[in-house]
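What follows is each chain in one-letter form.
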Amino acid sequence: VDQTYIMVKPDGVQRGLVGEIISRFEKKGFKLTGLKLFQCSKELAEGAGACQKENLHRRAHNGRGAKLYFARVNLEKDSNVDSIEHYKDLKQKSFFPKLIDYITSGPVVCMAWEGVGVVASARKLIGATDPLQAEPGTIRGDLAVQTGRNVVHGSDSPENGKREIALWFKEGELCEWTPVQAPWLRE
Ligand code: GTP
Ligand code: MG
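Only a predicted model underlies this, so the values are computations on that prediction, with no experimental measurement involved. Sequence order sets the numbering: in each chain, residues are counted from 1 along the sequence as written. Written order determines the labels here, with chains lettered from A and ligands numbered from 1. Per-residue local features of the predicted model are confined to residues with pLDDT of at least 70, and side-chain atom pairs are confined, for both listing and counting, to 80 or more; whole-chain, interface and lining totals are unaffected and use all residues.

Trainee: How should I be thinking about the UniProt feature "active site" (unreviewed entry) in the chain in this particular structure?
Mentor: Per the UniProt record, "active site" (unreviewed entry) is annotated on His-153. Note on conventions: DSSP H or I runs of at least 4 residues are helices, E runs of at least 2 residues are strands, and numbering of each starts at the N terminus. Mapped onto the elements of the fold, His-153 is located in strand E6 (residues 152–154). Residues with at least 20 neighbouring C-beta atoms inside 10 Å of their own are called buried, those with 12 or fewer are called exposed, and the rest are partly exposed, where every C-beta is derived from the backbone. According to the C-beta neighbour criterion, His-153 is buried, with 22 such atoms within 10 Å. UniProt positions are given in the numbering used here, feature names are shortened, and annotations may be inferred rather than shown by experiment.

Trainee: Can you walk me through the nonpolar core in this structure?
Mentor: Within soluble globular proteins, side chains that are nonpolar generally end up buried alongside one another. Core analysis: the largest hydrophobic core is formed by 31 residues, its most contacted members being Ile-6, Met-7, Val-8, Val-108, Trp-113, Ala-122 and Val-152. Going through the elements one at a time, strand E1 (3–8), helix H2 (18–28), helix H5 (96–103), strand E5 (108–114), helix H6 (118–126), helix H7 (139–143) and helix H8 (158–168) are the ones with two or more residues in this core. The dominant element in this core, judged by the number of residues it contributes, is E5, at 6 residues. Here, residues touch in the contact sense if the C-beta positions derived from the backbone fall within 7 Å of one another. Dropping the residues within four chain positions of it, Val-8 is found in contact with Val-13, Leu-17, Val-18, Ile-21, Val-108, Val-109, Val-151 and Val-152. We define the nonpolar core as any set of buried residues of the types Ala, Val, Leu, Ile, Met, Phe, Trp, Tyr and Cys, connected via C-beta atoms lying within 7 Å of each other.

Trainee: Explanation requested: unusual backbone geometry in the structure shown.
Mentor: If a residue is not glycine, its phi is most likely negative; likewise, a peptide bond is most likely trans. With a phi angle near 60 degrees, Val-151 is a residue other than glycine that sits in the positive phi range. Relative to the elements of secondary structure, Val-151 occurs in the loop between H7 and E6. When the 26 C-beta atoms within 10 Å are taken as the criterion, Val-151 is described as buried.

Trainee: For this particular structure, what's the right way to read the sheet that holds strand E2 (residues 31–38)?
Mentor: Note: strands within a sheet are paired through backbone hydrogen bonds, in either parallel or antiparallel orientation. For two strands to count as paired, DSSP must find a minimum of two bridges between them. Taken together, the 4 strands give an open sheet; going across it, the order is E2-E5-E1-E6, and neighbouring strands pair in antiparallel fashion. The open sheet has two free edges, formed respectively by E2 and E6, since each of these has just one partner strand. When the angles between neighbouring strand axes are averaged without regard to direction, this sheet yields 15 degrees. Here 3 bridges tie E1 to E6, and the two strands are oriented antiparallel to one another. For Val-8, the partnering residue across the bridge sits in E6 and is Val-152. A fitted line through C-alpha atoms serves as each axis, taken over the contacting stretch for helices, and the angle formed by two N-to-C directions is quoted from 0 to 180°. The strands that H8 touches are E1, E2 and E5; relative to E1, the one it contacts most, it runs at about 55 degrees.

In structure tokens:
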């Protein structure tokens, strides 16, 4: 079953759109498996507990199978591990610094959603990157006006869905459950 990482960006949280955005995916019939409010600040990233992420400690194995832990010590000042890793494919873009500023400017709502075809369907529900081009009825088409303030993120492939969920959620934060409505969604 596909999984996708959906994130209400800081503008969506500030504008009080969290419930509305969660509702769209809930009503469609996808299954929520992870949910948290998370501040991924630059200040946090400068300290030892950057974004509270285990990815600071890269696990490796030595020749005899024992686990080795490497603490990442070369954290750049003014950088944010999670958001930079999250948007690493866009590093060369001119708007990248602005994008990192935007995404670390306030709390975000991190979500994992599961369902057959959820990755592509969520992208459709979200709409085009530029909200002025996004169709009415989509989240961005209904709720946003500018690419740099487009209120929500959605993974662009099943591989990235898995990668991003692993990046933003720690082990034990995801929940496996069976919604009672399952037989009413699929025959
Ligand atoms: P995400 O779901 O957030 O990944 O958006 P997307 O897949 O529709 O677009 P893409 O991955 O290409 O870009 C990621 C994010 O970078 C966008 O959602 C925007 O917030 C931001 N972005 C993309 N292009 C521009 C741009 O030209 N200017 C600015 N300021 N931001 C941009
Ligand atoms: Mg994208």
